[in-house]
Amino acid sequence: MKSNHIPEIEEDQISTPYLDGLHIFVVDNLGMGKPSDLVQGTLDLLILKTLSLEAMHGWAIAKRIQQLSREVLQVQQGSLYPALHRLEQQGWIKAKWAESETGRQAKFYSLTAAGRGQLQKEAANWARLSSAIDLIVAEA
Amino acid sequence: MRWPEKFSIRLQMIFRRGRAVERLDDELRFHLDRQIAENLKAGMSPEQARSAALRSFGNPALVRDQAHDTWAGLWLERAVRDLRYAVRQLRKSPAYSLTAVCMLALGLGAPAAMYTVVDRVLLRPLPYDHPNQLVKIQESGSKGPGGWGGPYLDLHQWADAARLLHQIAFYGSDNLKAVSYLQSNAGITHVTAPIISSNLWDTLGVQPVLGRGFKPGTDWGSVSAEDANSILISDAVWRTAYNSDPHILGKSVQLNGVFHTIIGVMPRGLTFPYAGALPPVPLIWRPVIITAAEKVRAHGLPSYEAVARLAPGVSLQAAQAELSGIQSRIAQQYLESWEREQVNSIVLQSYGDTLVKDDVRKSLLALLGASAVLWLIACVNVAGLMLARASSRQREIAVRGALGASRWQIVRQLLTEGLVLSVLASLAGLALAQLTLRLFAHALIMQFGIHERLTPSLSVLAALVGLTVLTALFSSLWPAIGAARTAIEPALRQGSSQSGAGRSQHRLRAVLVVAQIALSLTLLAACGLLLRTLYTLRHVPLGFRTDHIVVANMSIPGYKFAGRNMLTDLYQPLLDRAEHMPGVQSAALMTEVPLGKTFSMIYTFAADGNSATDARQRETKSQFRAVTPEMQQVFAFSMARGRFFNSSDTPNSPAVVVVNRAFVRSFTGQDDLGKIIGTPLVNYGKNRRAIVIGVLDDERQVSLAQQSQPEIEVCMPQITPDSGLYKATEGIAMDLAVRTSRNPSSFMPDLRQLLRAASPDLADSNLTTMDQIVEDSYGSQQLATRLLEIFGGCALLLCVSGIYGLLAYLVHQRTRELGLRMALGAQRGQIMALVLRQAGWMLVVGSACGLALAWFSSVLLRMFLYGVQPHDPWTMFAVTAVLLVCGLASAWIPARRAAAIDPMQALRTE
């Protein structure tokens, strides 16, 4: 089921081919139902990378991902939360309830030591995968 | 470290679930509020901001569920939720839940009770080292196993020659029932005191917990002379008779008047050789002393029971073959050829198998099977109930399916309900089982020797848990799958009936009812056959009267009367006093009352010679009793020829004996009673040969089901202390039979007073009535009949309720149709016939299948039956008739209700 909010893709944004593919994956599959494995892995990578800079709560993570990808990645925000909770169960990130910038209590996530190692592993995997796809795409 | 962190997160998830759920909601709400705030800042209106935020977020409920699903311990949470829901559903319909629980309780209680008994009698592990290596050795011959091991000479040769047997030990079997008198802290304790060889404990692999065993003597297996007066006591004796005295070793106590030293205490729970059931009195063990006479081959050597341990890795058959070879050599050493024939081979059995008689084992397993049939009937019945209930919950299940429950979730929910019912039922069933066992306590004592209160052991409880789960699966899986498979849309449609099932479901339920009827008929047929057996047994002509006779089974402390004449000092005064008690018509003493099973003696003739007469005389094994003349007044039996003993038979008058018809037939080979009168038979002493003066009519004196056995009765007043008969018959056990018109329960205390006055040791005697003894003699049939009556009755009840339930449901379903029929002109009688016809075809088909099943299963009952064939047509007919009548009666009420339908009302209902 296609979701009906595909943001306008400007011309100069198509210069990042792999992010473009990801964009379509993200939008298509995160409407209803479970994300596919590929998407799950990359979402984890994004979250871990974002949290490696500083600890933040879920909304801030969504905003940061949007910011850092220069508005290309409009992650369906709700899909972050299952990923965050899964990562927490697996022990890559840990959570703490603290006062946010607005004064309300919010759940802040931060990377654990094991999470740092996992981040490096995932980044390496992603580099391998994307270079493999590059090879195939560049061929044709 | 990842591990501890992960573990603590998991723990937190399990214990602070509710809190975590709240926090998740807070988290998501925070996100949404932030997004809305940002949208407002960007200039949108509040509604726009909200809808934009939701659009970019996604479905909050879905996100929440997805996040929740990642948590650990999800299965537990789901199970608890299912459980809570199941309990709520069951509470909402208490009638259904209660009915189902009651039915399942019946179905689970019966196997629980039977398995407790089976576990206790058949499956109890023996307290010895590697008990499956222990075997029992019996000499056998042309007449089959002799029933004992062998004389010392043979045992010694086995021990020397057998390579495949690791060790052989032996023990005395004669004195297992005789009571010995042990001096204890509180007076005299009755104990049983078998004699054992010095190597018995080594063979069994047990050691005394205190002290030591008997020291071996110079001869193999015998006990050293210095331990000739030592005894070993059991843990029960140590605790009850000596208050667990820590300084018990070396204590000198009197056993039967002779001083013995206690040299050791055996472990708790060791009751060799009674290992199958607890002995009625506590055990001590005495040493076996091998006399010089036993080492020389002669007639009438004392025999011992032999127990041995197989060498590691040796099979029973191999050891048997080796021993048989050895035995054929040993048999040549016997003096007479007829003796050799009886001992020329060996029978070897695993020791565990010898502890329970074969027919007892078979009967227990048959009863276990019957209880399993009852379980099956209960499960089938409850499955029918669940099918009905599932069909009435169609709409609810359809709604759940529409809301997103998968088929597996619905099945899981229904299975949980079934499991809750099963668990409740198993608790109730366990209570029922305990109640039943308590009710049958007397039968358990008599039949299986179980004296202690039976509680379910761990293995029984584990089996019950397994059976509970199986019950839940069996009774609720099919209805659950059926319910989950129903189409959602038709059930949700507005005009459709709230409940209702297709024809296939009706047929399924009808098939279940037919199955129930068939199984119930099997149990009822077995019950019917046994009832007939009991009736026949009760009316077997015994040959003597049993009413109004009170019996005292006395153990006589013979050692106290050493050197005296027990007849004049104990028995005659006792008899006189008993006869003069108020309300007593006559009283008699005898070594054992007929059917008594307390102290039976067998008299065998030692006729050397090979003629046919000699062989016949040797083979006559007669029941032997010493009785007083008053026995004829107490039991009112008749003489076929000659006279019974009377007051004219004294120590000075000619010695006389009485025999019975069966004896004459066996001893002389003919039926001529006149010839036996006057022939000399038994020696009362030197130069005192007794002649036969009378022949008794046949009576069932050993067992009701067995034909009359040959019997010889000697006259107690004529036995003097110098006669060989004195030692054999007096001073061990004696029964006092009193014919009284008084009520037994009021008479027994007075009798006990009398016994106590005669001798303090007699105060503990077992008092019973002749009627009770007769009842106990067909105890195994009685027990089986009572149990099968209960099973059969429950099965009938379940069946009737199954038929009623199905028909009531069908009538309810067809209310509209029946109303329409009546409006169109059908008579009430025709409507009733319609309903009854439905019940009728189920009953007929079920009965036919049931009769076929009963045909095969009643063959298993053969060992119980007496006087009736397993395929007796009258019984089958009567039982089927009972079932049909009950079935039709249960169908009557729904039929009446159907006929009473008001057509106008019916057409208006949904």
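Residues numbered from 1 in each chain as written. Chains lettered and ligands numbered in written order. Predicted model: local features only at pLDDT ≥ 70, side-chain atom pairs only at ≥ 80, totals over all residues. Heavy atoms only, no water.

## Some remarks on the interface of chain A and chain B
To be explicit about the condition: In this description, contact between two residues means that some pair of their heavy atoms is separated by no more than 4.5 Å. In this description, buried area is defined as the sum, over both parts, of the accessible area (probe of 1.4 Å) that is lost when the two are combined. One side-chain nitrogen of Lys or Arg within 4 Å of one carboxyl oxygen of Asp or Glu is enough to make a salt bridge. Polar contact is defined as a pair of N or O atoms within 3.5 Å, subject to the rule that within protein one atom must be able to donate a hydrogen and the other to accept it, and that residues adjacent in sequence are counted only when both atoms are side-chain atoms. Numbering of helices and strands runs from the N terminus; a helix is a DSSP stretch of H or I covering at least four residues, while a strand is a stretch of E covering at least two. In this count, Pro and Cys sit with the nonpolar residues alongside Ala, Val, Leu, Ile, Met, Phe, Trp and Tyr, while Asp, Glu, Lys and Arg are called charged and the others, Gly among them, polar.
Contacts between the two partners involve 30 residues from chain A and, on the opposite side, 27 residues from chain B. Both sides together, the interface formed by chain A and chain B hides about 2700 Å², and carbon and sulfur atoms give 56% of it. Counting across the interface, chain A meets chain B through 4 salt bridges. Note that B:Arg34 is salt-bridged to A:Glu101, the shortest N-O span being 2.3 Å. Across the chain A-chain B interface, the total number found is 12 residue pairs in polar contact (both at pLDDT 80 or more). Elements represented by at least two residues in the side of chain A that touches chain B include exactly α3 (58-68), α4 (80-90) and β3 (105-111) of chain A. Per-element tally for the side of chain A that touches chain B: the top contributor is α4(A), with 7 residues. Its residues assigned to classes, the side of chain A that touches chain B shows 11 nonpolar, 12 polar and 7 charged.

## Some words on the sheet that holds strand β2 (residues 93-99) of chain A
Put simply, the rule is: At least two bridges found by DSSP between two strands are what make those strands a pair. Note on geometry: axes are lines fitted to C-alpha atoms, helical ones only across the stretch in contact, with angles between N-to-C directions running from 0 to 180 degrees.
Spatially, 3 strands are ordered β1-β3-β2 (chain A) in an open sheet, and the strand pairing comes out antiparallel. Edge positions in the sheet fall to β1 (56-57) and β2 of chain A, since each of these pairs with one other strand and no more. The sheet contact formed by β2(A) and β3(A) spans 7 bridges and is antiparallel. Counted as the bridge partner of A:Lys94 is A:Ser110 from β3(A). Taken strand by strand, α4(A) contacts β2 and β3 of chain A, and its axis lies near 55° from that of β3(A). Its contacts with the sheet place helix α2 (residues 17-41) of chain B against β1, β2 and β3 of chain A, and it is angled at close to 100° to β3(A).

## Remarks on helix α30 (residues 828-857) of chain B
Defined as follows: Multiplying one less than the number of residues by 1.5 Å gives the expected span of a helix. Partly exposed describes any residue whose relative accessible area lies between the buried limit of under 20% and the exposed limit of over 50%, with all areas from a 1.4 Å probe on protein chains only and scaled to the type maximum.
Between its first and last C-alpha atoms α30(B) spans 42 Å; for 30 residues at 1.5 Å apiece the expected length is 44 Å, and the two agree. B:Ile831, B:Met832, B:Leu834, B:Val835, B:Leu836, B:Ala839, B:Met842, B:Leu843, B:Gly846, B:Ser847, B:Gly850 and B:Ala854 are the residues of α30(B) that are buried.

## Some details on the nonpolar core
Residues and elements named next belong to chain B. Selection rule: Only buried residues count toward a nonpolar core. Its members are Ala, Val, Leu, Ile, Met, Phe, Trp, Tyr and Cys residues joined through side-chain atoms within 4.5 Å.
Within the largest apolar cluster, 82 residues are counted, with the highest numbers of intra-cluster contacts made by Met 554, Phe 635, Leu 681 and Leu 736. In terms of residues, this core owes the most to one element, helix α20 (residues 566-579), which gives 7 residues. With residues up to four places along the chain from it excluded, the contact list for Met 554 reads Leu 574, Leu 589, Ile 732, Ala 733, Met 734, Asp 735, Leu 736, Leu 755, Leu 762 and Ser 765. By size, the runner-up hydrophobic cluster in this structure holds 58 residues, among which are Ala 86, Ala 443, Leu 467 and Leu 787.

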